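# Reading the structure
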Amino acid sequence: MDPRKALVLFSGGQDSTACLAWALERYSQVETLGFDYGQRHRIELDCRTRVRDEVRAAFPDWGARLGEDHLLNLSLLGQISDTALTSERAIEMQANGLPNTFVPGRNLLFLNFAAALAYRRGASVLVGGMCETDYSGYPDCRDNTLKALQVALSLGLDAPMTVETPLMFLTKAQTWALTQRLGGDALNALIVEHTHTCYLGERGPLHAWGHGCGQCPACVLRRQGFEGWRAGGAGELPA
């Protein structure tokens, strides 16, 4: 067990729940941090508390290490962003090759605020669900971006600040396999029922892979990953 305290960027979605389980398995103390930035799928903020409660109830050992939750108001980010993730508009590709769900600088801001909070809370590890394998192409999800930011944060705070991204090189099928390895059927059932991924904020009926519209890029990736995992297409997980 790593004695350091970790702060998990926790949205209430599949990926951040996988990161929460990953951190709870490794670190002696784990706190969570969410952001309200005017996101269209704001329902994820309601899911966060339920997921934490379900994790604590289903996994008592993890629950003993799960500390405080924090929610920061970053509504300014929504005010300066003209994207399909922060306003009611159709999701489509842009001329620059990125989907219009890309919120410029979102992860950069998230990690800067997370580092400031972590410093005050005595945490030296930030854990995020960024991934550059099965993702929408966002440049602030790439490994090089996060490595550069880790250096900048550590220098700016004059203290080591590690940025861990356990999903960085996993496919979505492998993410399902990871949570199965960490918490078995109970954890994956919890993820299916209680987490939220859909960009449109739709809960609707419960599909085999979870709630959502089934058509937005986030739902498609989640569904395809689930089906690939169930079909045995996850392959071997990295050690």
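Being a predicted model, the structure only gives us computed values, none of them experimental.

### A few points about helix α5 (residues 106–121)
Taking 1.5 Å per residue as the helical rise, α5 with its 16 residues ought to reach 22 Å, and the 22 Å between its terminal C-alpha atoms agrees with that figure. Looking one or two residues past α5, Gly-122 carries a phi angle of roughly 80°, positive in sign.

### Section: the packing of helix α7 (residues 172–194) against helix α8 (residues 217–230)
For the pair α7 and α8, interaxial distance at closest approach is 10 Å and the crossing angle is 90°. Taken together, the axes of α7 and α8 lie roughly perpendicular to each other. Note on element contacts: α8 touches α7 through Leu-221, Arg-222, Gly-225, Phe-226, Gly-228 and Trp-229, opposite Lys-172, Ala-173, Trp-176, Ala-177, Gln-180, Asn-188, Ile-191 and Val-192. Here the residues of the contact of α7 with α8 sort into eight nonpolar, four polar and two charged.

### Concerning the state of the cysteines
Taken as a whole and assessed by the stated rule, the structure comprises zero disulfides. With no disulfide of its own, Cys-198 lies closest to Cys-213 among cysteine sulfurs, the gap being 3.6 Å. We note that Cys-219 lacks a disulfide partner, and the nearest cysteine sulfur, in Cys-216, lies 3.7 Å from it.

### What to know about the packing of aromatic side chains
Per the counting criterion, the structure on display carries seven aromatic pairs. Here the aromatic cluster, defined as three or more aromatic residues joined through ring pairs, consists of Phe-35, Tyr-37 and Phe-110.

### Section: the side chain of Ser-16
Secondary-structure assignment places Ser-16 in helix α1 (residues 14–26). Among the residues examined, Ser-16 registers a relative accessible area of 6% and is labelled buried. Reaching out from Ser-16, the side chain makes a polar contact with the backbone nitrogen of Gly-12 at a distance of 3.2 Å. Setting aside anything within four residues of it in sequence, one finds Ser-16 in contact with Val-8, Leu-9, Phe-10 and Ser-11.

### Describing the pattern of salt bridges
A complete count under the given rule lists ten salt bridges for this structure. Residue Arg-50 is joined to Glu-54 by a salt bridge in which the shortest nitrogen-to-oxygen separation is 2.9 Å. Within this pair, Arg-50 and its partner Glu-54 are both found in helix α2 (residues 43–58), separated by four residues, close to a single helical turn. Given a relative accessible area of 44%, Arg-50 falls into the partly exposed group. A salt bridge links Arg-56 to Asp-53; the shortest N-O distance between them is 3.9 Å. Placement of both Arg-56 and Asp-53 in helix α2 is noted, with a separation of three residues, approximately one turn of the helix. Residue Arg-56 is classed as partly exposed on the basis of its relative accessible area of 32%. A single network of salt bridges, built from pairs that share partners, joins Lys-5, Glu-31, Glu-68 and Arg-121.

### Remarks on the packing of α5 against helix α6 (residues 143–157)
Packing of α5 against α6 brings their axes to within 11 Å, and their N-to-C directions diverge by 35°. For the pair α5 and α6, the crossing hand works out as right-handed. Here α5 contributes Asn-107, Leu-108, Leu-111, Asn-112, Ala-115 and Tyr-119 to the contact with α6, which in turn contributes Thr-145, Leu-146, Leu-149, Leu-153 and Leu-157. Along the lines of polarity and charge, the residues of the contact of α5 with α6 split into eight nonpolar, three polar and no charged.

The rules behind the values
Residues numbered from 1 in each chain as written. Predicted model: local features only at pLDDT ≥ 70, side-chain atom pairs only at ≥ 80, totals over all residues. Heavy atoms only, no water. Helix = DSSP H or I, 4+ residues; strand = E, 2+ residues; numbered from the N terminus. Expected span 1.5 Å × (residues − 1). Axes fitted to C-alpha atoms, helices over the stretch in contact; angles between N-to-C directions. Parallel < 35°, antiparallel > 145°, perpendicular 65-115°, else oblique. Contact = heavy atoms within 4.5 Å. Nonpolar A, V, L, I, M, F, W, Y, C, P; charged D, E, K, R; others polar. Disulfide = S-S within 2.5 Å. Phe/Tyr/Trp six-rings, centres within 6.5 Å; stacked < 30°, edge-to-face > 60°. Buried < 20%, exposed > 50% of the residue type's maximum accessible area, 1.4 Å probe, protein only. Polar contact = N/O pair within 3.5 Å; in protein donor to acceptor, adjacent residues only side chain to side chain. Salt bridge = Lys/Arg side-chain N within 4 Å of Asp/Glu carboxyl O. Left-handed = near helix turned anticlockwise from the far one by under 90°.

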